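One-letter residues, chain by chain:
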Amino acid sequence: MKTNSFKMFGSVKTMLRKYKDSHASKKTANKSANCVTNEQGDSDSGGNMKEFNEIGTDQNSKSEDSQPFVDVVVRKFPCPNMATFLVITLLIKVFVILPVIYLLHCFDLLNTHWPNDEFRRVLTDHSHSNPRKDNHYYHSVLYHPYNDSKQHLSELDDISKLPLPEPALPSQCSSIPNAMKFDCYPEEGSTEDKCKKRGCCWAPAGKSQTENSSLPLDVPYCFYPQGFGGYTVHNITHAPTGITAFLKRSFKSPYPNDVPMVKMVIMYGNEQQLRLKLYDPSSPRFEPPYPEVPSLQKAVPQKDYRVEVDTQTGGVKIIRDANNITIFNTQNVGALILADQFLQLSSLLPSRNVYGLGEHRSSLRLPLDWQRFVMFNHDTVPTENQNLYGSHPFYLVMEEEKNSHGVFLLNSNAMEVILQPAPAITFRTIGGVLDFFIFLGPTPSDVIRQYTDIVGRPYFPPYWGLGFHLCRFGLHSLNETKEVMNRNRHAGIPLDVQWNDLDYMDSSNDFTYDKKRFRGLPEFVDHLHKIGMHYVPIIDAGVSAGERPGSYPPFDEGLALGIFVKNTSGEPFIGKVWNRVSTVWPDFTHPQTVAYWLKQLHRLHWQVQFDGAWIDMNEPSNFYSGTSSGCPNNNLEHPPYVPAVNGGKLFYRTLCMSSIQHAGHHYNTHNLYGFSEAIVTSFALTEIRGRRPFVISRSTFAGHGHYAGHWSGDVYSDWHSMEMSIPQLLSFSLFGIPLMGTDICGFNGNTTVDLCQRWMQLGAFYPFSRNHNTDDGIPQDPAALGPAVIESSRKALLIRYSLLPYLYTLFWRAHAFGDTVARPLFIEFPDDPETYGIDKQFLWGPALMIVPVLKWGETFVTGYFPKSIWYNLHTLGPVTAKQQSWHDITAPLDTIPLFYRGGHIIPLQSPNMTTTASRKNPVELIVAKDEDGKATGSLYWDDGDSVNTYEDKKYSHVTFTLNESRLRGTVVWWGYDAPLMLGKVHVLGIGIPVRSVYVNQVAHSFSYNSGNQFLRIKNLALPLNQNFSIHWV
């Protein structure tokens, strides 16, 4: 779908479009009221600053061709009167709607297996197009019969009358191996008596279950017996589009307000996708309004899977038809529980090769030795075994048969996911519904494409955003900012974007700048633009609530609109972050917040022409735990079960869970806060600049990559943090968020010359490359640390800048097709199990391998070379051929080992100090032959900044192919009308000396390096908007 800004889904589109329609509505309101009697035009006088006194602004906010159409309609067609409208409505109801409903009943499409209100909800649900309210948390769950027939009323006894579970028999417990023991008492303080009251087995075998929940897990003392059950199938229906079953609760769970009748719907999506949803059909429950998933239920004649449902318990098996491997299996596995504030489902896994489940610091391949991954967005320094800034309940599995599948749980509530050695997985969440999407690949690349097809393809960043960025918290004035930037430019460090942290603000208040310490900031930013650079400031999520009334419009206007998150009394929720007195938080799920946020950013942009936005502290972070006096004592702040979150309580250093947003209580929307801010900020920047948005956010949720990028937060300046940045980067690639990086040289603490030298080398190959650190650390920009860091940084960044045409093409493929950019080796080599656990080296796309040095003082590194021909980027000579193997690689202190992969053609440009200057240079090609003498590649090119260039076909796409001794360039599409020339070609892996070279059948000069076996052809001047051919003998 093409829009005026970027691709959006249903209600997100509606919310953001509401602003775009509002101004046009105002302009035509008088005309519409009087229909054809009033044709007077608009009187839009008063100058540009007048716009800031309205909620919206006119710039880029309406379609260029929609307004004339409205005028024509208003002028030519009179308004119908009320009587006409009522008659037409009645006729439609009688002659259209009622016959359709009758026919649907006749063909059993409105069948008796649905609850009373289910058809109405399906008609109005539209796949989460309207955020559901969550008032049900304050009363017991009530169940409405799922059939008009009275015979079912007696079957649905009051949940309070359910029996307790039967005691487990010894025979149900004794034969369960430790690896298959699913925890029946995840809370602290289990005892044998408490365990057996739950109908579970007690067998002390591991660590005490009374230990604090933040400690590592082990074999549970209290575990479910075989055949535990909990639900029985009450009704099941098979259809071409899927399976529907109703599961009746058999006995009480340990948690309040069990759902007495669960509706389980298995929806077939296509040959490789399906959806498994379990929910309460009688009472609406919170479901995330975004990401807005497409409808996934249709008849699929040929599927790559089959589904088996246990007709007694409702357990589900999903089986890959090609090899009969069960990829998802809940039959007799743990216990299915759906209570009001505790939902649990367990499944066996077909392999121990599991990835994803972020955001956490861990190895790329997740450990299965009783590991717990908590997902509840939180501001904390990244360390192991902590819930960090984002929530991504998605995992990918590499199966033993070398196929791949993935599973995504669409649920935004606090949750924890347990991995155990069986191998098995348990999802445990405290709200919402269980809504699983299953992707069958069969390759890992297929799985990521299928996942991003659901949550949204990655957005296409501007070209300049792929350059090097420089920032520091503690640049206390504009003069300091200029000094740091200039010393790096003078040292020859390529630099595209200068940033400022909170220091630029007036009293740490959003949408302001300090006109004393940062006097001249607007002129400085104008100067950056003139020299081809860009500027990005920080924008915190919280807005100051402690300013004098009338002195700070962002608070006054937000208060008037009622768009701040509210407390239980309906007043703005007040906490504190960096503001001097107090802080309130905009509710980004509120429709009016779109216009509000746009206005505030536009007001700042009117003064300082910034190019992107860095949105921080948006977990949301709070210096209080709730308010200054805490939080109310209710079941949202203190639910029956609390996952092992940092701080031990949900409201620790964040907002109270009972605070209220437009989409529901913060209890449900907490993990969506940063994501919703990113959506609105991305839209606002597009409207303000009329160009591609650039947004970097600390907090994320599934689907975030469709709107923005991410950095990994406040990491320590140490070797371990540098090493762990790689698996985190690769995990976010799996999550569909390719624009990601870590603060180069670390944020917290003091870096060292040795560490920063190696980290700048690695950071040059983060897709988002930024050096940034704290205000109480030493300066760590490259020029501040001396010649060794300058030389290493310059060398690595110049290579990055030369590779930007290739990197930009990778981002296009991510945006258009769902490919990864930085990718683990197993993505490219799924048939090589050795790659499954590698996370200390990685790839850019299919063709470039990065093997950084991650240990102090080392001048060599051991790298794995999968089966292929590889070429050293620095020498262009071959490294190894055909067979996979580990190699020791020489790595001088100023060099990061880099390798081209045979079979690929990589577009380059000679680097310059900015992307603006680099883009003006001719294109070059690295042609890396494979063992058959073949290679392929492509180049995507556009202006680098305009919106929807791909969708509007304002781009150029050229493919390159090598077949033995002939290289061809073919124009696939030429829609960007700008000169682009091919200037140089290197062909690697030519073992026999070359005698002659012909370009389009004309002899051309060349050189041949016999030592490293490559051919160099310079001075080509071939226009890339024409097909070409180069061959040699």
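Here the structure is a predicted model, which means the values were calculated and not measured.

Student: Now, about the overall build of the protein chain: what can you tell me, with residues and values included?
Tutor: In terms of regular secondary structure, the protein chain is built from 19 helices and 51 strands. For the protein chain, the proportion of its 1033 residues judged to be buried stands at 61%. Counting contacts in the protein chain only where the partners sit at least 6 residues apart, residues at least 24 apart contribute 71% of the total.

Student: Tell me about the environment of Tyr707, and please be specific about residues and values.
Tutor: Within the secondary structure layout, Tyr707 lies in the loop between strand S28 (700-701) and strand S29 (709-711). For Tyr707, a relative accessible area of 3% puts it in the buried group. Here the alpha-carbon distance between Tyr707 and Phe460, two residues 247 residues apart in the chain, equals 8.7 Å.

Student: Go over the pattern of salt bridges with me, naming the residues and quoting the values.
Tutor: Scanning the entire structure with this criterion turns up 34 salt bridges. When the shortest N-O distance is used, the salt bridge between Arg198 and Glu187 registers 3.2 Å. Placement of Arg198 in the loop between helix H6 (192-197) and strand S1 (201-202) and of Glu187 in the loop between helix H5 (170-173) and H6 is noted, with a sequence separation of eleven residues between them. Each member of the pair Arg198 and Glu187 is classed as buried. Note that Arg689 and Asp945 form a salt bridge whose closest N and O atoms lie 3.6 Å from each other. Residue Arg689 is located in helix H13 (residues 673-689), and its partner Asp945 is located in the loop between strand S42 (934-941) and strand S43 (956-963); the two are separated by 256 residues in the primary sequence. The same class applies to Arg689 as to Asp945, namely buried. Bridged by salt links that share partners, the residues Asp379, Asp616, Glu619, Arg698 and Asp714 form one connected network.

Student: Hey, could you go over the side chain of Ser659 for me, with residue numbers and the actual values?
Tutor: In this structure, Ser659 sits in the loop between strand S24 (613-616) and strand S25 (660-661). Setting aside its immediate chain neighbours within four residues, Ser659 contacts Val565, Lys566, Asn567, Phe573, Gly664, His665 and His666.

Student: An account of the state of the cysteines is requested, with residue identities and associated values reported.
Tutor: Inspection of every chain in the model, using the stated rule, returns five disulfides. Between the sulfur atoms of Cys173 and its disulfide mate Cys201 the distance is 1.9 Å. Handedness of the Cys173-Cys201 disulfide follows from its S-S torsion of about -75°: it is left-handed. Of this pair, Cys173 sits in helix H5 while Cys201 sits in strand S1, placing them 28 residues apart in sequence. The exposure class of Cys173 is buried, given its relative accessible area of 15%. Owing to a relative accessible area of 1%, Cys201 belongs among the buried residues under this scheme.

Student: Got a sec to walk through H13? Specific residues and values, please.
Tutor: Spanning 17 residues, H13 covers 24 Å between terminal C-alpha atoms, matching the ideal 24 Å at 1.5 Å per step. The buried count for H13 comes to 17 of 17 residues, which makes it a mostly enclosed element. Within two residues after H13, Gly690 carries a phi angle of roughly 70°, on the positive side.

Student: I'd like a rundown of the environment of Tyr185, residues and numbers included.
Tutor: Looking at the element boundaries, Tyr185 is found in the loop between H5 and H6. Separated by 69 residues in the primary sequence, Tyr185 and Pro254 place their C-alpha atoms 9.1 Å from one another.

Student: How would you explain the packing of helix H8 (residues 478-490) against helix H9 (residues 521-530) if you had to name every residue and give the values?
Tutor: Here H8 crosses H9 at 20°, and the two axes come no closer than 11 Å. On the basis of the axis angle, H8 is roughly parallel to H9. Between H8 and H9 the crossing geometry is left-handed. Residues Leu478, Thr481, Lys482 and Met485 of H8 form the contact with H9, whose own contacting residues are Leu521, Phe524 and Leu528. For the contact of H8 with H9, the per-class residue count stands at five nonpolar, one polar and one charged.

Student: Before we move on, can you summarise the sheet that holds S24 with the specific residues and values?
Tutor: Taken in spatial order, the eight strands make up an open sheet running S30-S29-S27-S24-S21-S20-S19-S31, and their pairing is parallel. Sheet topology places strand S30 (740-741) and strand S31 (769-771) at the edges, where each strand pairs with a single neighbour. Looking at chain direction, strand S19 (residues 468-470) and strand S20 (residues 497-500) are connected through two bridges and run parallel. Note that in S20 the partner of His469 across the bridge is Val497.

Student: Describe the sheet that holds strand S33 (residues 842-844), naming the residues involved and giving the relevant values.
Tutor: One open sheet holds the six strands; their spatial order is S32-S33-S34-S39-S36-S37, and the pairing between them is antiparallel. Two strands bound the open sheet, and with one partner strand each, they are strand S32 (822-823) and strand S37 (878-880). Bridge count for strand S34 (residues 848-850) against strand S39 (residues 898-901) is three bridges, and the pairing is antiparallel. Following the sheet pairing, Leu848 is matched in S39 by Tyr900.

Student: Give a detailed account of unusual backbone geometry, specifying residues and quantitative values.
Tutor: In this structure, Pro442 follows Gly441 across a cis peptide bond, with omega equal to 15°. Within the secondary structure, Pro442 sits in the loop between strand S18 (434-439) and helix H7 (444-455). At Asn324, a position not held by glycine, the phi torsion is positive, near 60°. With respect to the helices and strands, the residue Asn324 is situated in the loop between strand S8 (316-320) and strand S9 (325-329). By relative accessible area, Asn324 is classed as partly exposed at 49%.

Conventions we followed
- Residues numbered from 1 in each chain as written.
- Predicted model: local features only at pLDDT ≥ 70, side-chain atom pairs only at ≥ 80, totals over all residues.
- Heavy atoms only, no water.
- Helix = DSSP H or I, 4+ residues; strand = E, 2+ residues; numbered from the N terminus.
- Buried < 20%, exposed > 50% of the residue type's maximum accessible area, 1.4 Å probe, protein only.
- Contact = heavy atoms within 4.5 Å.
- Salt bridge = Lys/Arg side-chain N within 4 Å of Asp/Glu carboxyl O.
- Disulfide = S-S within 2.5 Å.
- Expected span 1.5 Å × (residues − 1).
- Axes fitted to C-alpha atoms, helices over the stretch in contact; angles between N-to-C directions.
- Parallel < 35°, antiparallel > 145°, perpendicular 65-115°, else oblique.
- Left-handed = near helix turned anticlockwise from the far one by under 90°.
- Nonpolar A, V, L, I, M, F, W, Y, C, P; charged D, E, K, R; others polar.
- Pairing = 2+ DSSP bridges.

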